[in-house]
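Descriptive analysis of the structure
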Amino acid sequence: MKYVIKGETLFDGNNILNANSVLIEDGIIKEVGNNIKSDDVREYKGAFIMPGMIDSHIHLTGAKSGNLIMESLIEDPNIKLLATIPWLNKILKAGFTTVRDCGGTNAIYLRNAIKNGYLTGPDIIAAGKPLSQTFGHGEFSHTIPIKWNEDRGMSEICDGTEGCIKGARTVLRQGADFIKIFSTGGVLSQSDRPDQEQFTVEEIRAIVNEARKSGTYVAAHAHGDQGVKNAVISGVKSIEHATMASDETLKLMAEKNVSLTPTLSIQELLFKYGREIGVNSWGLEKITNVIDGIKQVLPKAKNLGINILCGTDLGFETGKDIDIGKNWNELILMTKYGNMNAIEALRSATGNVNNIGIHRGRLSIGYKADVLIINGEPSENISDIAKIDHVYLGGNEVF
Ligand SMILES: [Zn+2]
């Protein structure tokens, strides 16, 4: 199948080009230019053409509330896996044609089902079970038996360099595309604090080395400065959250080309609607400690030239304005809180993913034909990113 998509303005994942059309053949972009000729020209008058977006931090949990511990213990994991299937459509419809799932086993099953053609959905890059230390962020509750966290929670719990090597090999064996770790405490875990370091530099280095041997990398959840620093000096490729990163640590991130996913959506959601959606009291208390941090960090990170990724960290349906299927809100929040302009926000959801080895997010020759047709000008007014008219996934029109 060979055809041309023609619009008015074309954003290639990096810049607005002096071009209005892309030639697609067998699901791959073959040419980008002006008024490309073809027997099949699909013209969208006045439209903004851009690459399908990437949510670089999501959790396909199938959860219906913010009370993760109750859901994980009481709901049948098989039903929760099935509950994620409608999410796939919602995410595609929101213009996200690739997601990087930063923790949970569902993503591995969904990824494989999509690859085998059993389901239609975005491309999924899956971490599988994240690695957590004992008394770590990977345990939702620190008062229930640890076995329950291991059996029904989302993490692989490991300690010491030997244990971490085993943990890394275990999740790679289970099909992880990359490894996710927690190098500080977090908001939705019971008794640890976001500023607390988790894992030692030696443990993180051991995990990074196992990832490297398998040709992949490590992404680290980290709020507190020391935990961010430990992860960066150990060789991780992306820092998730970084809400308390110091200027010195941010400089180190820039030097070592470590990407930052600020995850504004989850923080805004927990802060605004946490109580309503069932978040435990500890989460409500801790979110107030991190919510302002990222608003200080993000503009500095941008000025240092750190590669910024769009990641919502959404992991449950909320029925609110911040929800699965409204993932583009992250871009709006970036312009609101991060001193980023509309083009910079668009890049975070498209071309910037190349920095973590994802070959997506560009309208360039050789890239997969994930293309959005937008009835607006998101490069000038970022809220137009919600006006998605058509979504092409690998050259097939899915919406
Ligand atoms: Zn997350």
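Residues numbered from 1 in each chain as written. Predicted model: local features only at pLDDT ≥ 70, side-chain atom pairs only at ≥ 80, totals over all residues. Heavy atoms only, no water.

Looking at the coordination of the zinc ion
Worth spelling out the cut-off: With water omitted from the atoms examined, metal sites may look incomplete; donors here are N, O and S atoms no farther than 2.8 Å from the metal, or 3.2 Å in the case of Na, K and Ca. Note on classification: 1.4 Å probe, protein chains only; a residue is buried when its accessible area is under 20% of the maximum for its type, exposed when over 50%, partly exposed between these limits.
The protein atoms donating to the zinc ion are His 57 (NE2), His 59 (NE2) and Asp 313 (OD), with metal-donor distances spanning 2.0 to 2.1 Å. On the primary sequence, the residues serving as donors to the zinc ion are separated as H-x1-H-x253-D. Here His 57 and His 59 have matching classes, each one buried.

Overview of the side chain of Thr 98
Just so we agree on the cut-off: Counting from the N terminus, the helices are DSSP H or I runs at least four residues long and the strands are E runs at least two residues long. In this description, contact between two residues means that some pair of their heavy atoms is separated by no more than 4.5 Å.
Here Thr 98 is to be found in strand β9 (residues 96-101). Excluding residues within four positions of it along the chain, Thr 98 makes contact with Met 53, Ile 54, Asp 55, Pro 122, Asp 123, Ile 125, Arg 360 and Asp 370.

Description of the domain arrangement of the protein
Keep this limit in mind: An automatic or database domain assignment supplies the residue ranges for each domain. Buried area is understood as the total, over both parts, of accessible area removed when two parts are fitted together, assessed with a 1.4 Å probe. A pairing counts as a salt bridge when a side-chain nitrogen of Lys or Arg comes within 4 Å of a carboxyl oxygen of Asp or Glu.
On domain assignment, one finds that the protein holds domain 1 (2-50 + 363-397) and domain 2 (53-356). Computed over C-alpha atoms, the centres of domain 1 and domain 2 are 30 Å apart. Interface area, domain 1 with domain 2, both sides summed: about 1,600 Å², of which 73% is carbon and sulfur. Counting the surface domain 1 buries against domain 2, the share from its top three residues, Ile 382, Ile 385 and Leu 393, is 30%. Between domain 1 and domain 2 we count one salt bridge in total. For Lys 368, the salt bridge is made with Asp 123, and the minimal N-O distance between the two is 3.0 Å.

Points about the pairing of strand β10 (residues 123-126)
As a reminder of what qualifies: A pair of strands is treated as paired once DSSP finds two or more bridges between them. Handedness of a crossover is defined as follows: orient the strands so they point away from the viewer, and if the path from the first strand over the helix to the second runs clockwise, the crossover is right-handed.
Because side chains alternate across β10, one face comprises the buried residues Asp 123 and Ile 125, and the other comprises Ile 124 and Ala 126, equally buried. Of the pairings in the sheet, the one linking β9 to β10 comprises four bridges and is parallel in character. Following the sheet pairing, Val 99 is matched in β10 by Ile 124. As for the winding sense of the linkage, the β-α-β connection from β9 through helix α4 (residues 106-115) to β10 is right-handed.

Description of the pattern of salt bridges
Under the criterion given, the structure shown has 21 salt bridges. As a salt-bridge pair, Lys 286 and Asp 192 come within 3.6 Å of each other at their nearest N and O atoms. Taken as a pair, Lys 286 in helix α11 (residues 281-290) and Asp 192 in the loop between β13 (179-182) and α7 (201-213) lie far apart in primary sequence, 94 residues in all. We note that Lys 286, like Asp 192, is buried. Residues joined by salt bridges that share partners form a network here, namely Asp 123, Arg 360, Lys 368 and Asp 370.

Let's talk about the sheet that holds strand β5 (residues 28-33)
Applicable threshold: Where helices are involved, their axes are fitted lines through C-alpha atoms of the stretch in contact, as for all axes, and angles between N-to-C directions lie from 0 to 180°.
Here we have four strands laid out as an open sheet, ordered β5-β4-β1-β6, and mixed in their pairing. Each of the sheet's edge strands pairs with one partner strand only, and the pair in question is β5 and β6 (41-43). Here the strands of the sheet are splayed against their neighbours by 25 degrees on average, with no regard to which way each runs.

Digging into the sheet that holds β9
Taken in spatial order, the three strands make up an open sheet running β8-β9-β10, and their pairing is parallel. Both outer strands of the open sheet, β8 (53-58) and β10, are each paired with one neighbouring strand and no more. Averaged over all pairs of adjacent strands, the angle between their axes in this sheet comes to 15 degrees, without regard to strand direction. Pairing analysis gives four bridges linking β8 to β9, with the strands arranged parallel. Paired with Ile 54 across the bridge in β9 is Thr 98. Packing against the sheet, helix α3 (residues 85-93) makes contact with β8, β9 and β10, and its axis sits at approximately 125 degrees to β9.

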